[in-house]
Amino acid sequence: MSKDQKPVVLTCAQPTGQLTLGNYIGAVLNWEKMLQDYECYFGIVDMHAITVDYKPSELRKNTLSCVAQYIACGLDPEKSHQFIQSHVTGHAELAWILSCICPIGELQRMTQFKEKAAKLGFQIDKESENNLKLEHTGAPSQASINAGLLYYPILMAADILLYNADRVPVGEDQKQHLELCRDLANRFNNKYSDTFTIPEPFIGTTGARIMSLADPTKKMSKSDVNRNGTLFLLDEPSILKKKIMSAVTDSGSDIIASDDKPGIQNLLTILGSLTGKSNQELEDKFSGKGYGEFKKSVSESVIEKLEPIQKRYHELMTDKIYLESVLKSGAEAAQKRAFKILSKVSRKSGYYERIR
Ligand code: ADP
Ligand code: TRP
């Protein structure tokens, strides 16, 4: 890497709906600094989204909504490359090459694959983890897992290695996939010659972890079936307020950050992250006040923070031409980098050079 070249961060998300306050505090708040220190690529991974049951019209709509949410949150398109995965040639091609150095058993061992397979009524036979022996426990008519679901982590590895990303922000549930990506990169480098950068997880500076409002021992997540536990960036103010006012707390009355008060601690983390105040400052401020008043303050802060984001989002959604221009230049920049790396990988793999 030359001196004036910044290291590369690749962030990817599936266009499966709305960002949460957890994503906002745990990831988005890091972006401004990340953009200064790194060359940042943001991929909207629509090819991953089709591995599960989905509606094409919704996928299309959510893809545009995703980029509008990013920009509304302050992700400056002038300082980053935002692109749609299927617009860049190379993701599927590299995934194919990587699949040829990836044992099937490693894919079957992936926790997320097992969870998704279990949701479809399958259990992996423990004795034969390395064989494709899946026991179907439900109705035989539903007995099918698509190959894309198994192959998913290879496509994810290709996303990362296609840009030779130095750092990748990943949540807890994606760490195993990043590990597989590192293994595949090492395997390729050893088999052919040094080609891929081995990616490291990106740890942001404002790493607060936001918990579910309905169950403060669980992470707030967009895929939580209990939607009352999750604050979505685009929730109406009245919904935000309702969810926060009914957040689970304990039976006491003190507003203090303590491990045996996970609900209050979570609300303090939210308030502290949005206002920049420390736990001590907040504890002093709310000393002697009741839970109701405290929750009201939290909800006011959340609404105040999200109002301008929501306004900007709705404006952007009426400006498709602008959003598409962002995606076009993002895809061009991504393609330029991807082509270089893919050409190198193709040559090393022994593909005959393209005839021009
Ligand atoms: P989700 O569970 O909502 O689908 P992901 O696992 O896709 O979220 O994570 C996307 C990014 O947002 C990651 O960088 C992750 O660390 C961050 N993130 C997700 N949920 C939270 C949370 N509850 N608290 C803090 N950060 C979070
Ligand atoms: N699997 C990731 C998720 O569901 C999304 C993803 C796809 C990803 N490709 C990636 C994340 C590459 C980081 C890097 O959250």
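Remember, predicted model here, so these are calculated numbers, not experimental data. (Residues numbered from 1 in each chain as written. Chains lettered and ligands numbered in written order. Predicted model: local features only at pLDDT ≥ 70, side-chain atom pairs only at ≥ 80, totals over all residues. Heavy atoms only, no water.)

1. Regarding the packing of helix α4 (residues 56-72) against helix α13 (residues 291-317)
Axis angle and axis distance: for two packed helices, these are the angle between their axes and the distance between the axes, and together they describe the pair.
And step 1. Between α4 and α13, the least distance of the axes is 8 Å, while the angle of their chain directions is 135°. Overall, the two elements α4 and α13 adopt an arrangement that is oblique. Of the two possible hands of crossing, α4 and α13 adopt the one that is right-handed. Where α4 abuts α13, its residues L64, S65, A68, Q69, I71 and A72 lie against I309, R312, Y313, L316 and M317.
And step 2. Its residues assigned to classes, the contact of α4 with α13 shows eight nonpolar, two polar and one charged. (Axes fitted to C-alpha atoms, helices over the stretch in contact; angles between N-to-C directions. Helix = DSSP H or I, 4+ residues; strand = E, 2+ residues; numbered from the N terminus. Parallel < 35°, antiparallel > 145°, perpendicular 65-115°, else oblique. Left-handed = near helix turned anticlockwise from the far one by under 90°. Contact = heavy atoms within 4.5 Å. Nonpolar A, V, L, I, M, F, W, Y, C, P; charged D, E, K, R; others polar.)

2. Examining the pattern of salt bridges
And step 1. Tallying each qualifying case throughout the model produces 14 salt bridges.
And step 2. K218 is the partner of D224 in a salt bridge, and the nearest nitrogen-oxygen pair spans 3.6 Å.
And step 3. A relative accessible area of 11% means that D224 is categorised as buried.
And step 4. Linked through salt bridges whose partners overlap, the residues forming this network are E179, R182 and E200. (Salt bridge = Lys/Arg side-chain N within 4 Å of Asp/Glu carboxyl O. Buried < 20%, exposed > 50% of the residue type's maximum accessible area, 1.4 Å probe, protein only.)

3. Digging into the pairing of strand β3 (residues 81-84)
And step 1. Burial along β3 is two-sided: the residues H81 and F83 and Q82 and I84 are all buried.
And step 2. Two elements, strand β2 (residues 39-44) and β3, share four bridges in a ladder whose sense is parallel. Within β3, the residue paired with I44 across the bridge is I84. (Pairing = 2+ DSSP bridges.)

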